[in-house]
Amino acid sequence: MPVLQSTRKNEKRNFYTEDPLIQELVRTCLPSDFAAWAEEELTEFGAACAGVIDERAKHTDHEGQPRLVPYDRFGDEQSKIEVNEGYRQTVCYTYGKGIVGYIHKDIPALGHNGNYLYSFAQGYVLSQSEPGFYCPVTLTMATAYLLERYGSAELKDRFLPHVLSTGDTELFEGATFLTERQGGSDVGANETQAVYENGAYHLYGEKYFASNAGTCGVATVLARPEGAPDGSKGLALFLVPWRKEDGSLNNLRVRRLKDKLGVRAVPSGEVEFNGAEAFVIGEKDRGFYYMMEALNLSRICNAVASIGIMRRAYSESRRYAEDRHAFGEAIIQYPMIQDSLVKMKVRLEAQTRAVFALVREFDEWYEKPEAARDDGMLRLMIALIKADTADQAIHFAHEAIEMHGGNGYIEDFVTPRLLRDAQVLTVWEGTANILGLEVLRLFSKFDAATAFLTRMQNELGTLGKEADPIRYGLTRLTTDLKDLAALDPAEQTRVIKPLQKKMTALYEVLTLAKAGSLTALRIYADAFLRPLFGEKEGRWSLDDGRKVLQSE
């Protein structure tokens, strides 16, 4: 009798029902009535994502990429972005499911609005088939956040119903345009100007990497009003409709679309503003800070997309190992294959639990008045988890290709697309270097290193001997952070990234301990935690590994 039996079924796949962990998180993290409704919705959504949406994503990636049609038949400039019909259907279906709208407005069946946790559960399922489209969803979510929290009553009345559309009115997808050629991550170097003319602001300048260009209905754009100071403090945040009320272009154009390695579903272009009408969001001197808030939300979306890709990479690897026979039996029976799958599954569980714990914190933070928010700890956790999940998405895609052998390199399989799509996640919303600088700023401004250690100690206090590896690692980390504080600033930047990995690993393994996933905890500690602190990888047993694999 084989040690492991194939879990392959003949019925169609469903990315929600075949994933016990996301089902557990939905049931335990949402109120009972909300959870029951969400389970039905996610079951339908999971089938669509594993079926027709996945097929559309494959077509978009290969033959159906967005295309810029700069002129109409009369030779007039139109900057039109054409997307394929399947992609349009995915757009209508996904927004109709409230992935953005139900964060801010009532769910008809429940009589109250949803929250970010439900939206991110949808995003996790969606990203297993179409992380490229999850980028426009992210941008729309950020636009809705900025409008809802800081927009004037007039702006909200005019635009928010369209951004939150679930099919009840015309949808305006959103976009956030920050990047300029001369600035990149140095947003304070941006040069786009906001000129007050004839009773309204008009923008002049260009954005060099503008995702969802031409398919968005509105964009949030950082620009510098005349007379404003240099640097980030002089930037104001504007809402820019893509078209005027008469349907004509709002004095802007798409110069070209980027030819990207992956996430080909989203049109990313260079956009020129030639007097585009724009509306100030909030206070003019706080535009940069508003956008950084939205960026933190987008970084959570980035982490959700990462664990979605990780889940797909693991599930494809698992299914292939069950079905592929070599030397007389399924390759999943071989210890080396089991070793790879166990490590993938344990890390996936730890990171998924960590991401959704972060989402719960963000939901609680979002509901608090501004004066009561603990920005430092939330921003720290977002930076840590975004950086690590992005790295692991690439690693998991690589592992899936290796598990498939030569087939993993062939475009008939999903694995090449997973690797291409994963690669951008280390770049979007802040590279590892930018996130390292963010962590150092938080250490300095909020004493976030001490706050992190205190939080970990407090949460460890309720756990038993199973958490001893975490206590040992925390003791070592405390020394490391003290050593960091003694370095000059330049040296700190050289060593912060390895320290971030230690912090993230300790937090992730803590989520396993708190959830009672003790077998996964032991394997995580042996395989990942000990090597980070200079020890040899522990010898977790194959029996423990088989228990982990048999748990799904």
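Residues numbered from 1 in each chain as written. Predicted model: local features only at pLDDT ≥ 70, side-chain atom pairs only at ≥ 80, totals over all residues. Heavy atoms only, no water.

The helix and strand tally for the protein stands at 18 helices and 13 strands. By the compact-globule yardstick of 24 Å for 552 residues, the protein fits well, its C-alpha radius of gyration being 24 Å. Each principal axis of the C-alpha atoms in the protein carries an extent, and together these give about 80 × 55 × 45 Å. Sequence-distant contacts, at least 24 apart, represent 73% of the contacts inside the protein between residues at least 6 apart. By element, 50% of the accessible surface of the protein is carried by carbon and sulfur atoms, the whole surface being about 22,900 Å². Distance between charge centres in the protein, computed from 65 positive and 79 negative side chains, equals 4 Å. (Helix = DSSP H or I, 4+ residues; strand = E, 2+ residues; numbered from the N terminus. Rg over C-alpha atoms; globule rule 2.2 N^0.38 Å. Contact = heavy atoms within 4.5 Å. Areas by Shrake-Rupley, 256 points an atom, 1.4 Å probe, with all protein chains shown as cover. Lys, Arg positive; Asp, Glu negative; His and termini not counted. Charge placed at Lys NZ, Arg CZ, Asp CG, Glu CD.)

Turning our eyes to something else, we now look at the UniProt feature "domain: Acyl-CoA dehydrogenase/oxidase C-terminal" (unreviewed entry) in the protein. Under the local residue numbering, the UniProt record ascribes the feature "domain: Acyl-CoA dehydrogenase/oxidase C-terminal" (unreviewed entry) to residues 285-436. Helix makes up 75% of residues 285-436 and strand 3%, whereas the separation of the span's terminal C-alpha atoms amounts to 26 Å. (UniProt positions renumbered as here; feature names shortened; annotations may be inferred.)

A full pass over the atoms with the stated rule returns four cavities of 30 Å³ or more. Approximately 50 Å³ is the volume found for the largest cavity. What lines the largest cavity is simply Ala57, Thr60, Asp61, Glu130, Gly132, Val263, Arg264, Ala265, Arg417 and Asp421. The set of elements that each furnish at least two residues to the lining of the largest cavity consists of α3 (52-62) and α12 (415-423). (1 Å grid on protein atoms, 1.4 Å probe; cavity = no way out; pocket = protein on both sides within 12 Å on 5 of 7 lines; lining within 4 Å. Points joined across faces, edges and corners; volume = space filled by probe spheres on them.)

It is worth spelling out the packing of helix α6 (residues 116-126) against helix α7 (residues 131-150) at this point. Look at α6 against α7: their axes get within 10 Å of each other, and the N-to-C directions meet at 160°. The pairing of α6 with α7 is recorded here as roughly antiparallel in orientation. Here the hand of the crossing between α6 and α7 comes out left-handed. From α6, Tyr116, Ser119, Phe120, Gly123 and Leu126 reach across to α7, where they touch Pro131, Phe133, Tyr134, Val137, Met141 and Tyr145. Broken down by class, the residue content of the contact of α6 with α7 amounts to nine nonpolar, two polar and no charged. (Axes fitted to C-alpha atoms, helices over the stretch in contact; angles between N-to-C directions. Parallel < 35°, antiparallel > 145°, perpendicular 65-115°, else oblique. Left-handed = near helix turned anticlockwise from the far one by under 90°. Nonpolar A, V, L, I, M, F, W, Y, C, P; charged D, E, K, R; others polar.)

Applying the stated rule across the entire model yields 47 salt bridges. The residue Glu270 makes a salt bridge to Arg255 at a minimum N-O spacing of 3.0 Å. With Glu270 in strand β11 (residues 268-280) and Arg255 in strand β10 (residues 252-257), this pair connects stretches of sequence that are 15 residues apart. Its salt-bridge partner being Arg522, residue Asp544 comes within 3.3 Å of it at the nearest N-O pair. Within this pair, whereas Asp544 is found in helix α18 (residues 542-550), its partner Arg522 is found in helix α17 (residues 518-532), the two being separated by 22 residues in sequence. For Arg522, a relative accessible area of 39% gives the class partly exposed. A cluster of three or more residues bridged by salt bridges with shared partners is formed by Glu77, Arg181, Glu206, Arg253, Arg255, Arg256, Lys258, Glu270 and Glu272. (Salt bridge = Lys/Arg side-chain N within 4 Å of Asp/Glu carboxyl O. Buried < 20%, exposed > 50% of the residue type's maximum accessible area, 1.4 Å probe, protein only.)

Our focus in this paragraph is the packing of aromatic side chains. Applying the stated criterion across every chain, the model contains 20 aromatic pairs. Considering the side-chain rings of Phe288 and Tyr289, the 5.8 Å spacing of their centres and the 80° angle between planes classify their relative orientation as edge-to-face. The exposure class assigned to Tyr289 is partly exposed, which follows from its relative accessible area of 38%. Through a chain of ring-to-ring contacts, the aromatic side chains of Tyr116, Phe120, Tyr145, Phe362, Trp365 and Tyr366 assemble into a single cluster. (Phe/Tyr/Trp six-rings, centres within 6.5 Å; stacked < 30°, edge-to-face > 60°.)

The subject of this paragraph is the nonpolar core. The biggest cluster of nonpolar side chains holds 183 residues, and the ones touching the most others in it are Phe120 and Phe443. Two domains each provide a minimum of three residues to this core, namely domain 1 (174-284) and domain 2 (447-551). (Core = buried A, V, L, I, M, F, W, Y, C linked by side-chain atoms within 4.5 Å. Domains from an automatic or database assignment.)

Mapping Phe177 onto the fold places it in strand β5 (residues 176-177). Along the backbone, Phe177 and Ala219 are 42 residues apart, and their C-alpha atoms lie at a distance of 6.9 Å.

Next up on the list: the packing of α6 against helix α9 (residues 287-323). When two helices pack together, you describe them by how their axes are tilted relative to each other and by the distance separating the axes. Interhelical geometry of α6 versus α9 gives an angle of 40° and a closest axis separation of 8 Å. One finds that α6 runs oblique with respect to α9. The two elements α6 and α9 meet at a crossing, and its hand is right-handed. In this structure, α6 uses Tyr116, Phe120, Gly123 and Tyr124 to contact α9, whose residues at the interface are Leu297, Ile300, Cys301, Val304, Ile307, Gly308 and Arg311.

A word on the environment of Glu41. As for its placement among the helices and strands, Glu41 is situated in helix α2 (residues 32-50). Residue Glu41 is classed as buried on the basis of its relative accessible area of 18%. The sequence separation of Glu41 and Tyr16 amounts to 25 residues, and the corresponding C-alpha distance is 9.9 Å.

What follows deals with the layout of surface pockets. Counted as a void, the second largest pocket has a volume near 770 Å³. Along its surface, the second largest pocket is lined by 26 residues, and Glu170, Leu171, Thr215, Cys216 and Gly217 are the ones closest to its centre. Looking at the lining of the second largest pocket, the elements with two or more residues in it are β2 (77-82), α4 (85-96) and α8 (153-163). Of the residues in the lining of the second largest pocket, the class split is eleven nonpolar, six polar and nine charged.

Inspection of the secondary structure assignment puts Tyr145 in helix α7. As a C-alpha pair, Tyr145 and Asp246 span 101 residues in sequence and 27 Å in three-dimensional space. Ignoring sequence-local partners within four residues, the contact set of Tyr145 consists of His104, Tyr116, Tyr150, Glu293, Ala294, Leu297, Phe362, Trp365 and Tyr366.

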